[in-house]
Amino acid sequence: MKEIAPQCRCAEIHPDRIAHADGQCPNDEELFALSELFKVFGDSTRIRILYVLFETELCVCDIAQLLGMNISAISHQLRVLKQARLVKFRRAGKTVFYSLADDHIHAILGQGMDHVRE
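Presented here is an overview of the structure given in this document. The structure displayed is predicted, hence computed values, not measured ones.

Things to note about the environment of D103
And step 1. In this fold, D103 is placed in helix 6 (residues 103–117).
And step 2. The class for D103 is exposed, based on a relative accessible area of 62%.
And step 3. Taking the C-alpha atoms as reference points, D103 and F54, 49 residues apart in sequence, are found 9.9 Å from one another.

Written as structure tokens, this is what we have:
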């Protein structure tokens, strides 16, 4: 049976709480950017790529082999992840290695997994 959220049954407004909440809310541009970031996390293939890059850098061929996907599909998803600044790359000769962009990405993935596993 689906749990129904309790509803407020009073008509009292709490101006101090409203003012506090309003003062803490980011501006519309920041909220839009955050929304776009979370959309990137909304694809399971991209999440899988981020997780394989969690511990080590890999090239496109390595990621494709590991995930059982073709290189073109992986390249497309890496492009989305680069545009969102979630992954970075470095060249070593003809090979391009990808890794997580920074420690924020480690934290986001770690906290997300902690939440899912609770």
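Looking at the nonpolar core
Among soluble globular proteins, nonpolar side chains are generally buried collectively.
And step 1. The biggest cluster of nonpolar side chains holds 22 residues, and the ones touching the most others in it are I49, L50, L53, I63, I74, L78 and L81.
And step 2. The contact partners of I63, leaving out residues within four places of it in the chain, are I49, V52, L53, L58, I74 and L78.

Some details on the pattern of salt bridges
And step 1. On inspection of all chains with the given rule, the structure shows 2 salt bridges.
And step 2. In this structure, R90 engages E57 in a salt bridge whose closest nitrogen and oxygen atoms are separated by 2.5 Å. Linking R90 in strand 2 (residues 87–92) with E57 in the loop between helix 3 (44–52) and strand 1 (58–59), this pair joins segments that are 33 residues apart in sequence.

Focus: the packing of helix 4 (residues 60–67) against helix 5 (residues 71–83)
And step 1. Running from N to C, helix 4 and helix 5 cross one another at 115°; their axes reach a closest spacing of 9 Å. Relative to helix 5, the element helix 4 lies roughly perpendicular. For the element pair helix 4 and helix 5, the recorded crossing hand is right-handed. Facing helix 4, whose interface residues are V60, C61, I63, A64 and L67, helix 5 presents I71, I74, S75 and L78.

Calculation notes
- In this numbering scheme, every chain counts its residues from 1 along its sequence in written order.
- Selection of residues for local features in this predicted model requires a pLDDT of at least 70, selection of side-chain atom pairs for listing and counting requires 80 or more, and totals for whole chains, interfaces and linings are taken over all residues.
- For side-chain calculations, the full set of non-hydrogen atoms in the structure is used, while hydrogens and water are omitted.
- A helix here means a DSSP run of H or I that spans at least four residues, while a strand means a run of E at least two residues long, and both kinds are numbered starting from the N terminus.
- Buried residues are those whose accessible area, probed at 1.4 Å on protein chains only, stays under 20% of the maximum for their type, while exposed residues exceed 50% and partly exposed ones sit between those limits.
- Definition of nonpolar core: a set of buried residues of the types Ala, Val, Leu, Ile, Met, Phe, Trp, Tyr and Cys, connected through side-chain atoms within 4.5 Å.
- We call two residues contacting when some pair of their heavy atoms lies within 4.5 Å.
- Salt bridges are identified by distance alone: a Lys or Arg side-chain nitrogen within 4 Å of an Asp or Glu carboxyl oxygen.
- Under this scheme, a helix contributes an axis fitted over its contacting stretch, all axes are lines through C-alpha atoms, and angles between N-to-C directions fall in the 0 to 180 degree range.
- Throughout this description, any angle smaller than 35 degrees is read as roughly parallel, any larger than 145 degrees as roughly antiparallel, any in the 65 to 115 degree range as roughly perpendicular, and the remainder as oblique.
- Each crossing gets its hand from how the near helix is turned against the far one by less than a right angle, where anticlockwise is left-handed and clockwise is right-handed.

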